[in-house]
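# Structural description and commentary
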Number of protein chains: 2
Amino acid sequence: MRALVSRINRELAATPRPSLALKSLGSRFSHHHHDSPTKKEKKSSYILGPDLPDIWSPPRSTPPCPPPSQTPDEIRSGIVKEVYQMKESISKVPGLAVVLVGQRRDSQTYVRHKIKACQEVGIRSLTAELPDDCPEDEVVNTVSSFNEDPSIHGILVQLPLPQHMNEEKLLNAVSLEKDVDGFHPLNMGNLALRDREPLFIPCAAKACIELLLRSGVDLKGKNVAVIGRSKVVGLPLSLLLQRHHATVSIIHAFTKNPEDITRGADIVISAAGVANLVRGSWLKKGTIVIDVGTNPIEDPSSEHGYYLSGDVCYEEALQVVSAITPVPGGVGPVTIAVLLSNTLDSAKRAYGLS
Amino acid sequence: MRALVSRINRELAATPRPSLALKSLGSRFSHHHHDSPTKKEKKSSYILGPDLPDIWSPPRSTPPCPPPSQTPDEIRSGIVKEVYQMKESISKVPGLAVVLVGQRRDSQTYVRHKIKACQEVGIRSLTAELPDDCPEDEVVNTVSSFNEDPSIHGILVQLPLPQHMNEEKLLNAVSLEKDVDGFHPLNMGNLALRDREPLFIPCAAKACIELLLRSGVDLKGKNVAVIGRSKVVGLPLSLLLQRHHATVSIIHAFTKNPEDITRGADIVISAAGVANLVRGSWLKKGTIVIDVGTNPIEDPSSEHGYYLSGDVCYEEALQVVSAITPVPGGVGPVTIAVLLSNTLDSAKRAYGLS
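Here the structure is a predicted model, which means the values were calculated and not measured.

A separate point is the relation of the copies chain B and chain A. The two copies are related by a screw motion: chain B maps onto chain A through a turn of 180° and a shift of 0.0 Å along the axis, at an RMSD of 0.0 Å. What the superposition gives is, in effect, a two-fold axis relating one chain to the other. Looking at the interface residues of chain B, 100% of them are also at the interface in chain A, so both copies use one shared face.

This is how it looks when you write it as structure tokens:
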């Protein structure tokens, strides 16, 4: 059975589909509608969460169990439709430019996946590949030329950059309006400030929320443990969860007894980048687990010489959780779908389409 | 004894001095120096915390007990000296402009305190008072004129604004270089991103960290419960604590069983704005409490018809904690000292002084 699950997971890498592997159960799911809409709520948005006033009130009941999800497919088919409509109505399509510096195999693989995903939904894509030892200014110039190109609506500088390059400077070069990765400090600040809206939300963080919301999980009042605090996942995710009125605890490498925090969590989201960090004993019965980790583990017997493992000990977790995302095939495909969605949104904004 | 403590607290409002009321004890205090300095640590700063790589390692020991603190006096005397030096060397002093819209008595009181504090340290201050019903554009024009005035280095729009005004628009009008309140989204984003540095950190959040650091508390690895998530305190504080490698849980009005989280915390910082929200039973033995709440409680017998209460039930907490800040006289005076310090920093930046 263990071997089967792990084989299924590997196959899921190729066919990005069911994203919340449900280990259960009856449809105990119910929605809460305790709050009547107020004036302020009109500013609400699905991803950014409702704008609720802080009125202190007594605790609510325990978390429901989510129904299954087809999140990446749902998002992609929506994009295909909208790209088609854009082409029909104004003869334009969204364009994504990817800047890849150096020869890292994992980065090359990620970029290839992104480009392929663009092709599948009708988004035009362009890759600028630069050598490891090229001068920083050349990368800046490449980014600048994409900034000025009106057919490009999203620019993505693939991380990590070579050691000798200044990541801050290169990310700063990306125009705010094309920052589909959402790493610009102004986007991050507008994500943190609950009465504002960023132009873009970092893809993996948005993917986690998409997965939870589309699975019918009501985040308000849930205790969520976020493991990891990178700008790519943990930081924007913790900010986004707070906009959804979850109670967030952020665990990192300096946290003492992280398992004490995860054991109290209704939802555990791990993006630490450490294989098998989260054990079954870290989780309370019925919790929901989102595993963002994708850690390559050497394995001479597998096709590419390695396989991918999440941060969570999947076999152990399965005995405890109500739902968990597999690795690969869980958050990854949704993250790519969100990148496409961010690019589409950017193009719509550029062409004045609502 | 209770009456005495509460009288002492009220007197502290007038003479802003000892800020961490120590309810103990032997000098069990010790510093940790587990990490040898790395290249990256050179980018460190006192308030923003050391830039440490996320290397997962086993837990450390329990929190030490802090020595007493004279934080606001220390900060102010440093400012007096630097303002004097600035005047001597370049014949300039820092300038702070306060924009006050409407007639709220509490806002008028706060502004009066700030102006008085400026006078005491030699910072030039200017208040623009506008009527409650003035057009929004008039406030924008006032802010813009301060933006253009080279003798003004900090601009503060006193919140809350009258209901009919757009807070976002008016705060946006403040130039990034003069945003001494640190509410600009770019400042907030640069605070959130641990490899960047904001020009300003919101005063109350910075005050809490000043209090803890100057009291010798090592934040790394501590479990901190932050109650409240406003842009004024809770949000920037949770970001700043994470830069210091504390493990942060953010409690808000939608949190279920907040006492379960606070009971696990080595440090509890409350900025909810709810009098007596935090009871003694919420706190574990020996915890450190910072009370940012300043809630006016009607009291016909007192001079102004009200007295100020914190968020924490002080009498109950005293039985449990190792240290707690009183209200008034705790975080408040430090916050004002930090505002002066932010204004001085801005002036130094404007005049190219290091």
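Picking up after the structure, the text goes on.
What follows concerns helix H3 (residues 105–121) of chain A. Residue and element names in this part refer to chain A. For H3, which comprises 17 residues, the first-to-last C-alpha distance of 25 Å matches the rise-based estimate of 24 Å (1.5 Å per residue) to within 8%. For H3, every residue scored as buried is listed here: Ser107, Val111, Lys114, Ile115, Ala117, Cys118 and Val121. For H3, the angular spread of the buried residues around the axis is 160°, confining them to a single face. Seen from the buried face of H3, the exposed residues on the opposite side, beyond 90 degrees, are Arg105, Arg112 and Gln119. A positive backbone phi angle near 90° is found at Gly122, which sits one or two residues after H3.

A word on the sheet that holds strand S4 (residues 154–157) of chain A. Residue and element names in this part refer to chain A. One open sheet holds the 3 strands; their spatial order is S3-S2-S4, and the pairing between them is parallel. Looking at strand neighbours, the two that pair on one side only are strand S3 (124–130) and S4, the edges of this open sheet. Averaged over all pairs of adjacent strands, the angle between their axes in this sheet comes to 15°, without regard to strand direction. Of the strand pairs in this sheet, strand S2 (residues 95–101) and S4 are connected by 4 bridges, and their pairing is parallel. Following the sheet pairing, Val98 is matched in S4 by Leu156.

Residue and element names in this part refer to chain B. Residue alternation in strand S8 (residues 288–291) divides its side chains into two sets, Ile288 and Ile290 and Val289 and Asp291, and both sets are buried. Note: strand S7 (residues 267–270) against S8, 4 bridges, orientation parallel. Looking across to S8, one finds that Ile269 is bridged to Ile290. Pairing of S8 with strand S11 (residues 323–324), which is carried by 2 bridges, proceeds in the parallel orientation. Along S11, the bridge assignment pairs Val289 with Ile324.

Ranked by internal contacts, the top residues of the largest apolar core, which has 118 residues, are Leu241 and Ile269 of chain A together with Leu241 and Ile269 of chain B. Those residues in contact with Ile269 of chain A that sit more than four places away from it in its chain are Cys208, Leu212, Val224, Ala225, Val226, Ile227, Leu237, Leu241, Ile290 and Val292 of chain A.

Once that is clear, we can look at the interface of chain B and chain A. At the interface, 53 residues of chain B touch 53 residues of chain A. Approximately 4,600 Å² of surface area, both sides summed, lies buried where chain B meets chain A, with 56% of it carried by carbon and sulfur atoms. At the surface where chain B touches chain A, the tally comes to 2 salt bridges. Remark: the boundary between chain B and chain A carries 14 residue pairs in polar contact (both at pLDDT 80 or more). Every element with two or more residues in the side of chain B that touches chain A is listed here: helix H5 (167–173), helix H6 (185–192), strand S5 (223–227), helix H8 (234–243) and strand S6 (247–251) of chain B. Among the elements that make up the side of chain B that touches chain A, the one with the highest residue count is H6 of chain B (6 residues). The residue makeup of the side of chain B that touches chain A, split by class, is 25 nonpolar, 15 polar and 13 charged. As defined by bridge partners, strand S6 (residues 247–251) of chain A adjoins S6 of chain B across 3 bridges and the pair is classed as antiparallel. Paired with Ser249 of chain A across the bridge in S6 of chain B is Ser249 of chain B.

What counts and what doesn't
- Residues numbered from 1 in each chain as written.
- Chains lettered and ligands numbered in written order.
- Predicted model: local features only at pLDDT ≥ 70, side-chain atom pairs only at ≥ 80, totals over all residues.
- Heavy atoms only, no water.
- Least-squares fit on C-alpha atoms with pLDDT ≥ 70 in both.
- Contact = heavy atoms within 4.5 Å.
- Helix = DSSP H or I, 4+ residues; strand = E, 2+ residues; numbered from the N terminus.
- Expected span 1.5 Å × (residues − 1).
- Buried < 20%, exposed > 50% of the residue type's maximum accessible area, 1.4 Å probe, protein only.
- Arc of directions from axis to C-beta.
- Pairing = 2+ DSSP bridges.
- Axes fitted to C-alpha atoms, helices over the stretch in contact; angles between N-to-C directions.
- Core = buried A, V, L, I, M, F, W, Y, C linked by side-chain atoms within 4.5 Å.
- Buried area = accessible area lost by both parts, 1.4 Å probe.
- Salt bridge = Lys/Arg side-chain N within 4 Å of Asp/Glu carboxyl O.
- Polar contact = N/O pair within 3.5 Å; in protein donor to acceptor, adjacent residues only side chain to side chain.
- Nonpolar A, V, L, I, M, F, W, Y, C, P; charged D, E, K, R; others polar.

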